[in-house]
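Structural overview
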Amino acid sequence: MQGKHIVLGITGGIAAYKSAELTRLLVKNGVTVQIVMTASAQFFVTPLTFHALSGLPVVTETMTANDAMPHISLGRNTDLMLIAPATADFIARLAQGRADDVLSAACLARDCSLWIAPAMNRQMWQNPATQRNVSLLQQDGIHVIAPASGAQACGEEGAGRLPEPEELLALIKAHFTDTPLSGKPLAGKRVLITAGPTQEAIDPVRVISNLSSGKMGYAMAQAAWEAGAEVTLISGPVCLPAPANVTRIDVICAESMLHAVMSRIPATDIFISVAAVADYRPRHPSSTKIHKSDATQQLELVPTTDILAQVAQAPHAPFCVGFAAETEDFVARGEAKRRRKHLPLLAVNDAKTALGSDDNTLTLLDDDGVHPLPRGHKLVLARQVVTHLASLYFRSPDKRQVP
Ligand code: CTP
């Protein structure tokens, strides 16, 4: 990160206060940070705060006495432009290609990567208009950092929080230290990926689910697409934006995920099963809300279908990659699972540290043995998994050994 130059754009949301800490962390890591603020951002935090933290005057105007065209100079010789927080209004203006203030004009005139970190009320984030704008930006190659979930400044609870400054710093660090995939090892291959948790209905308002965030599966989708594959992502309920150019199919329960997967297997070359599929579902979900009573409630559970095992056993099965979430005996348990499900490759996670986190530790298991990967950002690891699986896939497609 030392010596990098970042333009940090701040738009008008309460999360602007977190950008002050992000600025401090970036400067501490040797980054030159040029702050640009919209007019409404200055209602939340003053330019003086950012001037003091970055050591550079803050750009707020389209023209100044010293620089007639700051919107042009900002995006030159810059390694990254990051808008954090990015409000719904700014995202809408960016999606329209507007240039009616210095920040939007600089985004339009840039010749570097642009990232946005949306932050807003959960309903504003979920609104189809915002989602449409976000997806337009992704199609334009702009990287969208998924908002975090939790308590919001307005008192509501849900997705739309700006990730913590340390998390944003980790993402930026990973971006600058990661080795991009060389070439397009999966060019022309059709890759099907499952991600996220499933929800199994108890009644219309209650479910059995798990803490999977979907981040690893979405990172795999991004990495497979970067590697040239045509990617379909079958996603359980998560609050993440789909990577650009990936076809996303939303499902809720294990049964619907199974159908979505099986119907696409004939047109799939590689199946990567990252989803934390519920292993059990209530045998008789109630069609009406179950009301409280003093008596003990019994819930009868039946096993769900193991989607990965079913795919791996199918005639003309695609190349199958599994992910195992374990809390102990990682390699032994992972290897047993790989053999039981007949997989050429399986990645084991430590469930205790992986769930919900942006970072992960993975160990790859294949017929050659055990390949630990150093702890890192999930996208960095996903690229390594893709490189590894591509090398196995192309080793000898007809004579691939399946345990
Ligand atoms: N998997 C699946 N369908 C299921 C359960 C798991 O496709 N019903 C897949 C997961 O996507 C993952 C792999 O199987 O790729 C291993 O999942 P994991 O939850 O670690 O193991 P399980 O097989 O469910 O076994 P256990 O819960 O006993 O660890």
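Residues numbered from 1 in each chain as written. Predicted model: local features only at pLDDT ≥ 70, side-chain atom pairs only at ≥ 80, totals over all residues. Heavy atoms only, no water.

1. Brief notes about the pattern of salt bridges
- Considering all chains together, one arrives at 21 salt bridges under this definition.
- Ionic pairing is found between Arg283 and Glu300, a salt bridge with its closest N-O pair at 2.8 Å. Here Arg283, found in the loop between strand S14 (280–282) and strand S15 (301–303), pairs with Glu300, found in the loop between S14 and S15; they are 17 residues apart in sequence, far enough to count as distant.
- A relative accessible area of 46% means that Glu300 is categorised as partly exposed.
- When the shortest N-O distance is used, the salt bridge between Arg338 and Asp367 registers 3.0 Å. (Salt bridge = Lys/Arg side-chain N within 4 Å of Asp/Glu carboxyl O. Helix = DSSP H or I, 4+ residues; strand = E, 2+ residues; numbered from the N terminus. Buried < 20%, exposed > 50% of the residue type's maximum accessible area, 1.4 Å probe, protein only.)

2. Structural notes on the pairing of strand S9 (residues 200–203)
- Pairing analysis gives three bridges linking S9 to strand S10 (residues 206–208), with the strands arranged antiparallel. Counted as the bridge partner of Asp203 is Arg206 from S10.
- Between S9 and S10, which pair antiparallel one after the other, the connecting turn spans two residues. (Pairing = 2+ DSSP bridges.)

3. Some details on the domain arrangement of the protein
- The domains assigned to the protein are domain 1 (5–177) and domain 2 (190–393).
- Of note, the centres of domain 1 and domain 2, computed from C-alpha atoms alone, are 32 Å apart.
- Taken together, the contact between domain 1 and domain 2 spans eleven residues of the former and nine residues of the latter.
- For the pair domain 1 and domain 2, the summed buried area comes to about 830 Å², and 63% of that belongs to carbon and sulfur atoms.
- Our count for the contact surface shared by domain 1 and domain 2 stands at zero salt bridges.
- Run the count over domain 1 and domain 2 and you get one residue pair in polar contact (both at pLDDT 80 or more).
- Residue assignment for the side of domain 1 that touches domain 2 shows that the elements contributing at least two residues are helix H8 (128–139) and helix H9 (165–177). (Domains from an automatic or database assignment. Contact = heavy atoms within 4.5 Å. Buried area = accessible area lost by both parts, 1.4 Å probe. Polar contact = N/O pair within 3.5 Å; in protein donor to acceptor, adjacent residues only side chain to side chain.)

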